[in-house]
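# Structural overview
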Amino acid sequence: MSMMGESIAPASAGERPLVPYDGIQISDQQRADFDRDGYFIIRDAIPPVLMERLIEAQDRVYAQQKAEGLLHPKDQSMHLMGFLHRDKVFLELLELPTVFPMVWGILGWNIHAYHHHIDIHPGVPAETRKTWRWHQDGGRQNLEIETEPVRPLLSVRTAFYLSDLSEPGRGNFMTIPGSHKTSRLARPEDLSLDFEQPEGAVEVCADKGDVVLFDRRLYHGRSDNYSDIDRRCLFIGWTYRWIAPHEDRVITPEHEWWNELTPIQQQLLGAGKDALSFWGIGDQYPLREYLRERGLIDPKVNNNR
């Protein structure tokens, strides 16, 4: 669904609301970790009160999927594309103060939330055969924008953990630190046989309430959950506005929730006056204005211009 025709007028100084992430920026250490490893963990990113509401909303989505017979038949897991429109509480993740400044700190201001999915993975028996899940995000970007030896960044992901994955074997985020700087990963010839995980692979141990922010080029996957704890996670992918969304837009200017959103949230959900707007030309850009007003635009950084 096209979002063209909806330009966003900035609020005047007198009516500008206090932005909850004023003063929060990505740290030099986080930048260094992101450059070296391709990811970092934001500890205790989700406040307890918000956590409760997110779990309740996730349970409602799961119950609906179960009632409609849409869960995975083998393990009753849910891996559902597109969740931001399924409950208002999910929209609070768009400008979560502990996370959003890290996103624009890496990508700059001309961004939107283009991809999102909601997951629940119950535990599976210990004898369950391993599945090869290693991949880089980006799909056809990896085929049609081929560069060697390193592919372009283009997007980052934020994984919001709603359950305790502080120990291996709970459906953890698996990755190979530093693998965002390569475009190839050897895989076994016969995946029907047992295999060893790639050299350097680690299971990232995140506590309930942590968020893992990672480079889309990072080779990663999900480990199997052999515990009695349901693996609960919400993923949001962020990219430049000139890249099309991965899911159909549901919350549009015609949606009943639209006018309740902040101008920055409207930008993140696809608002733009016309096609050129998405290329950063001829429109008002709430996130750019926010950053400019606070002296956070650095013209020496390409994606800040």
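Here, every reference points to the structure presented above.
Worth saying up front: this structure is predicted, and the values here are computed from it rather than measured. (Residues numbered from 1 in each chain as written. Predicted model: local features only at pLDDT ≥ 70, side-chain atom pairs only at ≥ 80, totals over all residues. Heavy atoms only, no water.)

## Some points on the environment of His 246
With respect to the helices and strands, the residue His 246 is situated in the loop between strand 9 (231-240) and helix 5 (263-268). Each C-alpha atom, one on His 246 and one on Tyr 114, is 5.7 Å from the other, the two residues being 132 residues apart in sequence. Contacts of His 246, omitting those with residues within four sequence positions, involve Met 81, Tyr 114 and His 115. A polar contact is formed between the side chain of His 246 and the side chain of Glu 247, at a distance of 2.5 Å. (Helix = DSSP H or I, 4+ residues; strand = E, 2+ residues; numbered from the N terminus. Contact = heavy atoms within 4.5 Å. Polar contact = N/O pair within 3.5 Å; in protein donor to acceptor, adjacent residues only side chain to side chain.)

## Quick notes on a nonpolar patch on the surface
On the surface, a cluster of nonpolar side chains totalling about 460 Å² of accessible area is made up of Trp 242, Leu 276, Trp 279 and Ile 281. Of the residues examined, Leu 276 reaches a relative accessible area of 48% and is grouped as partly exposed. (Patch = residues over 30% accessible without salt bridge, like charges linked within 9 Å, V, L, I, M, F, W, Y side chains within 5 Å. Areas by Shrake-Rupley, 256 points an atom, 1.4 Å probe, with all protein chains shown as cover. Salt bridge = Lys/Arg side-chain N within 4 Å of Asp/Glu carboxyl O. Buried < 20%, exposed > 50% of the residue type's maximum accessible area, 1.4 Å probe, protein only.)

## Some points on unusual backbone geometry
Pro 149 follows Glu 148 through a cis peptide bond whose omega is 0 degrees. Even without being a glycine, Asp 44 presents a positive backbone phi close to 55 degrees. With respect to the helices and strands, Asp 44 occurs in the loop between strand 1 (39-42) and helix 2 (48-67). At Gln 76, a position not held by glycine, the phi torsion is positive, near 60 degrees. Within the secondary structure, Gln 76 sits in the loop between helix 2 and strand 2 (78-81).

## Digging into the nonpolar core
Within the largest apolar cluster, 59 residues are counted, with the highest numbers of intra-cluster contacts made by Phe 90, Phe 100 and Trp 238. Ranked by residues supplied to this core, first place goes to helix 2 with seven residues. Contacts of Phe 100, omitting those with residues within four sequence positions, involve Tyr 21, Leu 94, Glu 95, Ile 111, Trp 238, Ile 264, Leu 268 and Leu 287. (Core = buried A, V, L, I, M, F, W, Y, C linked by side-chain atoms within 4.5 Å.)

## Some remarks on helix 1 (residues 28-37)
Among all positions of helix 1, only Gln 30, Asp 33, Phe 34 and Asp 37 are buried. Mapping the buried residues of helix 1 onto a view down its axis gives an arc of 100 degrees, with all of them on the same face. Taken together, the buried residues of helix 1 touch strand 1, helix 3 (100-107), strand 4 (155-161) and strand 7 (211-215). Looking one or two places after helix 1, you find Gly 38, whose phi comes out positive at around 90 degrees. (Arc of directions from axis to C-beta.)

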